[in-house]
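Summary of structural features
Here is what each chain is made of, one letter per residue.
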Amino acid sequence: MRLPVKHRLAWAGLLLAGTAEIAMARPDDTAGTTSVPSGPAADYPVTVGEPFTINSSTWTPANQLNYDAVGYATVGASLVGVSGAHKTLPLPSYAEVTSLETGHTILVRLVERGPMVNETLISLSDAAVRQLGLPAGTRSAVRVRRVNPPEVERAALRTGGTAPVRMDTPESLLKVLRRKLAEQSPLMPPPSTPPQMPAIPSAGALTAVPPSKVVDKPKASEPKAPTPKVVEAEPAKKLPAAPLPKKPAAPPASVPPAPAALKPPKAPPLARTTNGSHVVQVAAFSTAERARKVAAQLGGQVSATGKLWRVRLGPFAGIKDASPALDKAKAAGYRDARIQRAD
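The present account deals with the structure reproduced in this document.

About the criteria used
Residues numbered from 1 in each chain as written. Predicted model: local features only at pLDDT ≥ 70, side-chain atom pairs only at ≥ 80, totals over all residues. Heavy atoms only, no water. Buried < 20%, exposed > 50% of the residue type's maximum accessible area, 1.4 Å probe, protein only. Helix = DSSP H or I, 4+ residues; strand = E, 2+ residues; numbered from the N terminus. Pairing = 2+ DSSP bridges. Axes fitted to C-alpha atoms, helices over the stretch in contact; angles between N-to-C directions. Phe/Tyr/Trp six-rings, centres within 6.5 Å; stacked < 30°, edge-to-face > 60°. Lys NZ or Arg CZ within 6 Å of the ring centre and 35° of its normal. Contact = heavy atoms within 4.5 Å.

1. Focus: the pairing of strand β11 (residues 308–316)
Of all 9 residues making up β11, 7 are buried, and the element is well covered by its neighbours. Inspection of the sheet shows strand β9 (residues 278–285) paired to β11 by 6 bridges, in the antiparallel sense. Bridge pairing links Gln281 to Arg312 in β11. In terms of strand pairing, strand β10 (residues 301–305) meets β11 through 5 bridges, oriented antiparallel. Residue pairing across strands places Thr305 opposite Leu308, the latter belonging to β11. Count of turn residues in the β10/β11 antiparallel hairpin: 2 residues, of which Gly306 carries a positive phi of about 65 degrees.

Shown next as C-alpha cells:
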C-alpha cells in the first residue's frame, strides 16, 4: 500500500528529528583528554630543571634524597596552600621545615623554583608561615629537610589542607643548627650534609668494667682437687766473684751546642690590589666582634650586609691571584670559603 505524499513527508521529518536527538545525546569522544591529573598522579612527573645563576652564584637543581640544609625563609606572594619555593629540590617534592627559634616543624609541598635571591633558602606560603608560627613579614631562620611522606599527607597538601604537625626539635639539636647557620656563607649554595648530634655516652659505657678486672669465682658445688706439693732442692750457694779492677773515668766529652732552630720560610704575601675584580668570601657571622677577630687572623676586611658581617680577603686581580688566599682560608678551618666577584 502506498502512503500519500503528505504522510511520507511527515514520516521523513520524524526520522530526521530522531537522528538529530541521538547525535546530540552521544558524548564527544575527544572530551576530557586534557584534564588535569589528580590523586597520586599529580606528583608526577618530577621536574629537576637546568642550572641557573643569581648574582654570580650558580645553583644546580638535583634529585637529592638526603637534602638537609639551614638558611632563611621568607613569604612567597604567589604561593597557595601549605607550599614553598626552593632553588634546587625537584618539583613537586616534599620537605619538613623547622623553625630554629621554636623547634616547630611542619610538612610543606615544594611547587615553585625560587626564591631568586642568594641570601634566602626557601619561600613559604602564608598558610605555611601561620602553621609554623613564624612572625608575619619577617626573615626567619629555618632548617629544610627533604622527606617522603605517606600518601594521605601528600593528598592533604595537594588539596589545600595541612599535614599533622611534627614533633618539636630538641634544644640540643637546635643549638647545633644555629651554629651551623652562623658559620656558613650566606652568598653561596648552603651545604646539605645532615647535622650531627653531640655525642652522649651510653649507660653501658659508664658502668662497664674492663675485662682485666673481672675475677671468676669458683663454684661452691665443685670441690677442688688437692694440689700436690713439690719440694725443690735448694740451689748450691755460689761464692762471690772477685771484684774487677775499676777503669779510670773518662773525661767528659765536650757537647757541641745545639744548632739554632730553623725558622720556616714565610709565605709570600697575597697579591692584593686596590681595584681587583675578585675577592675570597671567607664566612659571615652574626656578630661584628667575631667577624673582626677572624679578619685580623686572616688579614681580611669586614663588611656589613643586612644583619650579618662578612669577612673577605682581597680584592685580587683575578681567580689565579685569589687562589692562595682561598687555600689560606680553608686551611684555617673555613671549608665553605669561595672565590667570587667583588661587589
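2. Things to note about the sheet that holds β10
The strand order across the open sheet formed by 4 strands is β10-β11-β9-β12, and the pairing between neighbours is antiparallel. Of all the strands in the sheet, the pair left with one neighbour each is β10 and β12 (338–341). The mean angle between the axes of side-by-side strands here comes to 45 degrees, regardless of whether they run parallel or antiparallel.

3. Overview of the packing of aromatic side chains
Tallied over the entire structure, the rule returns 1 aromatic pair. Geometrically, the ring pair formed by Phe285 and Tyr334 is edge-to-face, given 6.5 Å between the ring centres and 85 degrees between the ring planes. A residue pair is termed long-range when its members are at least 10 positions apart, and Phe285 in strand β9 and Tyr334 in the loop between α7 (319–331) and β12 qualify at 49 residues. Assigned by exposure class, Phe285 and Tyr334 land together as buried. Above the ring of Trp59, the side-chain terminus of Lys87 is found at 4.7 Å from the ring centroid. Between the NZ or CZ atom of Arg139 and the centre of the ring of Tyr72, over which it lies, the distance is 4.0 Å.

4. Some points on helix α3 (residues 151–158)
Looking only at α3, the buried set comprises Glu153, Arg154, Ala156, Leu157 and Arg158. Two residues or fewer after α3 comes Gly160, characterised by a positive phi angle close to 90 degrees.

5. Notes on the sheet that holds strand β3 (residues 68–75)
Around the barrel, 6 strands lie side by side as β3-β7-β4-β6-β5-β8; this closed barrel has mixed pairing. On average, each strand axis in the sheet is tilted by 45 degrees relative to the strand beside it, whichever way the strands run. Here β3 runs beside strand β7 (residues 122–124); their pairing, made up of 3 bridges, is parallel. Paired with Val75 across the two strands is Leu124, which belongs to β7. Most of the contacts of α3 go to strand β6 (residues 105–113), to which it runs at about 60 degrees, and overall it touches β5 (93–99) and β6. Contacts from helix α4 (residues 171–183) reach β3, β5 and β8 (140–147), with the element oriented near 80 degrees to β3.

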